[in-house]
Amino acid sequence: LGAQIEPGITAIIGSGGKSTLLKTLGLELMRAGGRVLLCTTTHMLPVAGVPWDGSSRRLDAAPWKPGAAHVPGCTCEACMGMSRGSICQAGVLDPETGKLSAPAEPLNERAQRFDYVLAEADGSKRLPLKAHAAWEPVIPSGTANIVWIVGAGLGKPVAEVVHRSELFCERCGCEPTDIATPERVAQVLNAEMQALKLGTARVMLNQVDALSDPAMADRFEATLGRPVIATSLK
């Protein structure tokens, strides 16, 4: 995916792997020589091991607090001889929730100092699928790329796998007890793309290795009517 991402701000939206994609894509772009900033326009858990706010401090595993400085021999991914560019994350850390919120400085100003700004711009309550409320997603002005990620909730009851399931049902005419079929998920995604004017977004179907029927990926792409990047982020 990194080869398809233009420099500037990239908004990662949807559900089912945004945080994993943020880190994976950020490291890929860093190793290709880019200066990369990770952040959010909503709230996210920090990315472990990545320097925070341009300092030498890093945010380590739970309870997510500023850790030791990076030192020779540091074993984080950004220091183990894999770097060609640089990577850091920015945002305001809430010590109670352990989450980062948006940086105080506007992202389009931050973007002038980085080749790539990757922003997690959506929330999904850790569910693999979602429908968007009127105030979502929170896409920064000047965004160059949008990656819309869809998780592997296909084939399971809507009420179990969809954040804002009532909105999902309204948009595809089903009940919460019905199955989130590839066709229903694609129908909701198409409707939201049109309503939000996000027709240029790249769609990624994640966790395809967890699908009960591999043909669901093809059914989803056929109904969506546009190319889909099928992957299983780890």
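Look above for the structure.
Below, the structure is looked at part by part. Counting of residues starts from 1 at the beginning of each chain's written sequence and follows it residue by residue. At least 70 in pLDDT is required for a residue's local features to be given in this predicted model, at least 80 for side-chain atom pairs to be given and counted, and no such filter applies to totals for whole chains, interfaces and linings, which use all residues. Note: side-chain values were computed over all heavy atoms of the structure, leaving out hydrogens and water.

1. Notes on empty space enclosed by the protein
Formally: The rule is simple: put a 1 Å grid over the protein atoms alone, call a set of points where a 1.4 Å probe fits but cannot get out a cavity, call an open set with protein on both sides within 12 Å along at least five of seven lines a pocket, and count a residue as lining if it has an atom within 4 Å of a point. Grid points are joined across faces, edges and corners, and a volume is the space filled by probe spheres set on the points. Every helix listed is a DSSP run of H or I at least four residues long, and every strand listed is a run of E at least two residues long, numbered separately from the N terminus. Here the nonpolar group is Ala, Val, Leu, Ile, Met, Phe, Trp, Tyr, Cys and Pro; Asp, Glu, Lys and Arg are the charged ones; every other residue, Gly included, is treated as polar.
This model, assessed by the stated rule, comprises one cavity of 30 Å³ or more. One number sums up the size of the largest cavity: a volume of about 120 Å³. Considering the residues around the largest cavity, the lining is formed by 13 residues, among which Lys130, Trp148, Val150, Val185 and Leu189 are closest to the centre. Contributing elements (two or more residues each) for the lining of the largest cavity: strand E10 (129–130), strand E11 (143–150) and helix H5 (182–196). Ranked by the residues each element gives to the lining of the largest cavity, the list is headed by H5, at four residues. Within the lining of the largest cavity, the residues separate by chemical class into eight nonpolar, three polar and two charged.

2. Side note on the sheet that holds strand E8 (residues 100–101)
Counted only if it meets this: At least two bridges found by DSSP between two strands is the condition for calling them paired.
Pairing in this open sheet of three strands is antiparallel, and the strands run E3-E8-E7 from one edge to the other. The sheet terminates laterally at strand E3 (43–44) and strand E7 (92–93), the two strands that pair on one side only. Two strands pair when backbone bridges link them, and E7 and E8 are joined in this way by two bridges, in the antiparallel orientation. The residue bridging Val92 from the neighbouring strand is Ser101, located in E8.

3. Focus on H5
Selection criterion: One less than the residue count of a helix, multiplied by 1.5 Å, gives the span that helix is expected to have. Think of it in three bands: residues with accessible area under 20% of the maximum for their type are buried, residues over 50% are exposed, and the middle band is partly exposed, with areas taken using a 1.4 Å probe on protein chains only. Comment: arc refers to directions from the helix axis out to C-beta atoms. By definition, residues are in contact when any of their heavy atoms lie within 4.5 Å.
In a regular helix each residue adds 1.5 Å, so 15 residues correspond to 21 Å; H5 covers 21 Å between its end C-alpha atoms and thus fits that length. Taken residue by residue, H5 has Pro182, Val185, Ala186, Val188, Leu189, Glu192 and Met193 as its buried positions. All buried residues of H5 lie within an arc of 160° about the axis, which places them on one face of the element. Residues Gln194 and Ala195 are exposed on H5 and point more than 90 degrees away from its buried face. Along its buried surface, H5 packs onto E10, E11, helix H4 (165–172), strand E13 (202–205) and helix H6 (215–224). Positive backbone phi, at 55°, marks Lys197, one or two positions downstream of H5.

4. A closer look at H6
Listing the buried residues of H6 in full gives Met216, Ala217, Phe220 and Leu224. Looking down the long axis of H6, one finds its buried residues gathered within 105° of arc, a one-sided arrangement. Counted as exposed and oriented over 90 degrees from the buried face of H6: Asp218 and Ala222. Residues of H6 that are buried in the fold lie against E11, H5, E13 and strand E14 (228–230).

Nothing here speaks to function; it is all geometry.
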